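# Architecture at a glance
In case you want the letters, here they are:
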Amino acid sequence: MSDPRDLFDVPEDVAWINTAYMGILPKPAVAASRATADRKQRPWEITPAVFFEESEAVRAKAARLFGATPDDMAIVPAVSYGLAVAARNVPVGRGDEIIVLDGQFPSNVYTWRELAKDGAK
């Protein structure tokens, strides 16, 4: 097996472990991002069929990765949006406790604080 570091553009003397703050994109992801940015220069070429075919392919790959089905996967524009959708689907009653880890990003705190306004702690 090749060295996993070869997948990343990281100098030998750097060990980046703060991925909760910002993860390092692997080289293939950078290449795909550049290709996507290049395509967005010509949005008239991105038809709805192309858009949805690619999204469905990503959902299928994610499902295989997690041992799920594509219908179990959702693509959301931001973590805060996904958390808001999840919070609206979690039954929380008066006196229930919502626990988040210390040091969470605001989007993972404000969503649950808002939900707790209905009587949870």
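Read on for an overview of the structure. (Residues numbered from 1 in each chain as written. Predicted model: local features only at pLDDT ≥ 70, side-chain atom pairs only at ≥ 80, totals over all residues. Heavy atoms only, no water.)

## A word on the overall build of the chain
Of the regular secondary structure elements, the chain holds four helices and zero strands. The N-to-C order of helical and strand elements in the chain reads α-α-α-α. For the chain, whose C-alpha radius of gyration is 19 Å, the value lies well above the compact-globule estimate of 14 Å for 121 residues. Referenced to the eigenvectors of the C-alpha coordinate spread, the extents of the chain come out at roughly 50 × 45 × 30 Å. Considering the chain as a whole, with its 121 residues, one finds that 12% of them fall into the buried category. Put simply, of all contacts in the chain between residues at least 6 apart along the chain, 37% involve residues at least 24 apart. (Helix = DSSP H or I, 4+ residues; strand = E, 2+ residues; numbered from the N terminus. Rg over C-alpha atoms; globule rule 2.2 N^0.38 Å. Buried < 20%, exposed > 50% of the residue type's maximum accessible area, 1.4 Å probe, protein only. Contact = heavy atoms within 4.5 Å.)

## Side note on the pattern of salt bridges
Where charged atoms of side chains with opposite charge meet at close range, the side chains can pair. For the structure on display, the rule yields six salt bridges. One salt bridge in this structure joins Asp71 and Arg59, with 3.5 Å as the shortest N-O distance. One end of the pair, Asp71, is in the loop between helix 2 (48-66) and helix 3 (79-87); the other, Arg59, is in helix 2, with 12 residues separating them in the sequence. (Salt bridge = Lys/Arg side-chain N within 4 Å of Asp/Glu carboxyl O.)

## Quick look at the side chain of Arg59
By relative accessible area, which is 16% here, Arg59 ends up buried. When residues no more than four places from it in sequence are discounted, the contact partners of Arg59 are Pro70, Asp71, Met73 and Ile75.

## Quick notes on the environment of Asn108
Turning to its location among the elements, Asn108 is positioned in helix 4 (residues 107-116). Judged by relative accessible area, Asn108 falls into the buried class, the value being 18%. Along the backbone, Asn108 and Leu7 are 101 residues apart, and their C-alpha atoms lie at a distance of 30 Å.

## Focus on the packing of aromatic side chains
The relative placement of two aromatic rings is captured by the distance of their centres and the angle of their planes. One pass over the full model with this rule turns up one aromatic pair. Their ring planes at 90° and their centres at 5.1 Å tell us that Phe51 and Phe52 sit as a pair that is edge-to-face. A relative accessible area of 51% places Phe52 in the exposed class. (Phe/Tyr/Trp six-rings, centres within 6.5 Å; stacked < 30°, edge-to-face > 60°.)

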